[in-house]
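# Coordinate inspection notes
Here is how the chains run, residue by residue.
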Amino acid sequence: MKQKEGFVLRTVCGEHVIVGEGLGTIDFGKLISLNETAAWLWKKADEMGDFDIDSLTKALCEEYDVEPDQARQDVTKMVGHWQELGIVEG
């Protein structure tokens, strides 16, 4: 899967938020607040271009001291949330 074009991570007043920029996101009208780890995952997914649960889980385990099962649960939940919001595709 990949991030939909036009959705970018910004820091606003010290908070990490995903915002829609451009005509393709005109109906979105939301700010999605992310904690530090979720913002890191969004950046990592952006770096990867095409990503999946396994690749993000592996990257999370390499970056943070987290058990693989817990990392997979967290990544699955976060990516599922992104899919519900329509900011990733595939």
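Before reading further, recall that the structure is shown in the block above.
Overview of the structure. (Residues numbered from 1 in each chain as written. Predicted model: local features only at pLDDT ≥ 70, side-chain atom pairs only at ≥ 80, totals over all residues. Heavy atoms only, no water.)

### Some points on the overall build of the chain
Helix and strand content of the chain: three helices and five strands. When the helices and strands of the chain are placed in sequence order, the string is β-β-β-β-α-α-α-β. On C-alpha atoms alone, the chain measures out to a radius of gyration of 13 Å, which is about the 12 Å that the 2.2 N^0.38 rule sets for 90 residues. When the backbone C-alpha atoms are referred to their principal axes, the chain occupies close to 40 × 30 × 20 Å. For the chain, with 90 residues in total, the buried portion stands at 34%. Taking as baseline every contact in the chain between residues at least 6 positions apart, the subset at least 24 positions apart corresponds to 44%. Split by element, the accessible area of the chain, about 5,800 Å² in all, is 47% carbon and sulfur. (Helix = DSSP H or I, 4+ residues; strand = E, 2+ residues; numbered from the N terminus. Rg over C-alpha atoms; globule rule 2.2 N^0.38 Å. Buried < 20%, exposed > 50% of the residue type's maximum accessible area, 1.4 Å probe, protein only. Contact = heavy atoms within 4.5 Å. Areas by Shrake-Rupley, 256 points an atom, 1.4 Å probe, with all protein chains shown as cover.)

### Details of the pairing of strand 4 (residues 31-34)
Burial of strand 4 is one-sided: the residues Ile32 and Leu34 facing one way are buried, the residues Leu31 and Ser33 facing the other way are not. Inspection of the sheet shows strand 3 (residues 15-20) paired to strand 4 by four bridges, in the antiparallel sense. Note on strand 4: the bridge partner recorded for valine 19 is leucine 31. (Pairing = 2+ DSSP bridges.)

### As for the sheet that holds strand 3
Hydrogen bonds between backbone atoms are what pair the strands of a sheet, whose relative direction is either parallel or antiparallel. Taken together, three strands build an open sheet; the order of strands is 2-3-4 and the sheet is antiparallel. In this open sheet, the two edge strands, each paired with only one partner strand, are strand 2 (7-12) and strand 4. Direction aside, the axes of adjacent strands within the sheet are offset by 35 degrees on average. The sheet contacts of helix 1 (residues 36-48) involve strand 2, strand 3 and strand 4, and relative to strand 2 the element is tilted by about 145 degrees. (Axes fitted to C-alpha atoms, helices over the stretch in contact; angles between N-to-C directions.)

### Concerning the pattern of salt bridges
Going through the model one piece at a time under the given rule, you end up with four salt bridges. Notably, a salt bridge pairs arginine 72 with aspartate 54, separated by 2.5 Å at the nearest N-O pair. Within this pair, whereas arginine 72 is found in helix 3 (residues 68-85), its partner aspartate 54 is found in helix 2 (residues 53-63), the two being separated by 18 residues in sequence. When its relative accessible area of 38% is taken as the criterion, arginine 72 is described as partly exposed. What makes aspartate 54 partly exposed here is its relative accessible area of 48%. (Salt bridge = Lys/Arg side-chain N within 4 Å of Asp/Glu carboxyl O.)

### Concerning the nonpolar core
Core analysis: the biggest nonpolar cluster contains 23 residues, and Ile18, Leu34, Leu41, Trp42, Leu56 and Trp82 have the highest contact counts within it. With six residues, the top contributor of residues to this core is helix 1. (Core = buried A, V, L, I, M, F, W, Y, C linked by side-chain atoms within 4.5 Å.)

### Focus: the side chain of threonine 57
With respect to the element layout, threonine 57 can be found in helix 2. Among the residues examined, threonine 57 registers a relative accessible area of 8% and is labelled buried. In this structure the side chain of threonine 57 is engaged in a polar contact, spanning 2.7 Å, whose partner is the backbone oxygen of isoleucine 53. Those residues in contact with threonine 57 that sit more than four places away from it in its chain are Pro68, Ala71, Arg72 and Val75. (Polar contact = N/O pair within 3.5 Å; in protein donor to acceptor, adjacent residues only side chain to side chain.)

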